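# A look at the structure
The primary structure of each chain is shown beneath.
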Amino acid sequence: MAEADETDMMMNYNGDFLKSDRKTSRYPYCIVWTPIPILSWVLPFIGHMGICTSSGVIRDFAGSYFVSEDNMGFGRPTKYWELDVDKVCGHGAATWDKAVLDASEEYKCRPHNLCFDNCHSHVAMALNLMRYDNSTSWNMVNLCMLSLIHGKHVSWAAFLKTWLPFFMLCGVFGTFILTFNL
């Protein structure tokens, strides 16, 4: 029995993942998302984004001249959007991983700008480099909207982490308006 456990751990260590593994935050061929405190509480569709390699290692542009590996800037992913590796122009996993690596190396040389050159732009560059879905027009706006539509929450706790602060603020704001208008 111990040998089987060691084999499973070795397979995980080597990155032989066939599906998402939420316990270790491995999401192969996925875009991952996590809320940014205060900003996501007010605008819950805005958050921090990263892209995963074929083995599920998360790469995210976490700050100026810094691309994080497996340590997202604002915590573990709460949402993931699984992409189809067959929509990559090239040789599947190798092209995917090269595009993620090339985008990450490029963003290690860039300053972070919250509005114009950020984590969403890093993911968009990776998708453009691999010509995902035969497109080179990926950008932070369409990624934001598509991840909102196609993203799946990791768990109920992740759903609450994403949406509860927003609904609480709406409740407080609604109560405040009703109190002073009645």
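The shown structure was predicted, so the numbers you read here are calculated from the model rather than taken from an experiment.

So, about the confidence of the model for the protein. Model confidence for the protein is summarised by a mean pLDDT of 87, while 87% of its residues fall at 70 or above. Within the model, pLDDT remains below 50 along residues 1-18, and this stretch shows seven contacts once partners closer than five positions in the same chain are excluded.

Another aspect to go through is the sheet that holds strand 3 (residues 58-63). The strands that make up a sheet are held in pairs by hydrogen bonds between backbone atoms, and each pair lies either parallel or antiparallel. Judged by pairing direction, the sheet is antiparallel, and its six strands sit side by side in the order 4-3-2-1-5-6 without closing on themselves. The open sheet has two edge strands, strand 4 (66-69) and strand 6 (152-153), and neither has a second partner. Note that strand 1 (residues 30-35) and strand 5 (residues 79-82) share four bridges and pair antiparallel. Residue pairing across strands places Trp-33 opposite Lys-79, the latter belonging to strand 5.

Moving on, we get to helix 6 (residues 156-181). Within an α-helix, residues lying three or four positions from one another point in the same direction, as the helix has 3.6 residues per turn. Helix length check: helix 6 (26 residues) gives 36 Å between terminal C-alpha atoms against 38 Å at 1.5 Å per residue, within 8%. For helix 6, the set of buried residues is Ala-158, Thr-162, Trp-163 and Pro-165. On the buried face of helix 6, the contacting elements are strand 1, helix 2 (39-42), helix 5 (140-150) and strand 6. Sitting at the head of helix 6, Ser-155 places a side-chain oxygen 3.4 Å from the backbone nitrogen of Ala-157.

Right, let's get into the nonpolar core. Ile-31, Ile-51, Trp-96, Leu-127, Met-130, Tyr-132 and Leu-143 are the most contacted members of the largest nonpolar core, which has 24 residues in total. When contributions to this core are tallied by element, the ones reaching two or more residues are strand 1, strand 2 (47-52), helix 3 (93-107) and helix 4 (119-129).

It is worth spelling out the pairing of strand 5 at this point. Pairing of strand 5 with strand 6 involves two bridges; the strand directions are antiparallel. If you follow Lys-79 over to strand 6, its bridge partner there is His-153.

What counts and what doesn't
- Residues numbered from 1 in each chain as written.
- Predicted model: local features only at pLDDT ≥ 70, side-chain atom pairs only at ≥ 80, totals over all residues.
- Heavy atoms only, no water.
- pLDDT = per-residue confidence, 0-100.
- Contact = heavy atoms within 4.5 Å.
- Pairing = 2+ DSSP bridges.
- Helix = DSSP H or I, 4+ residues; strand = E, 2+ residues; numbered from the N terminus.
- Expected span 1.5 Å × (residues − 1).
- Buried < 20%, exposed > 50% of the residue type's maximum accessible area, 1.4 Å probe, protein only.
- Polar contact = N/O pair within 3.5 Å; in protein donor to acceptor, adjacent residues only side chain to side chain.
- Core = buried A, V, L, I, M, F, W, Y, C linked by side-chain atoms within 4.5 Å.

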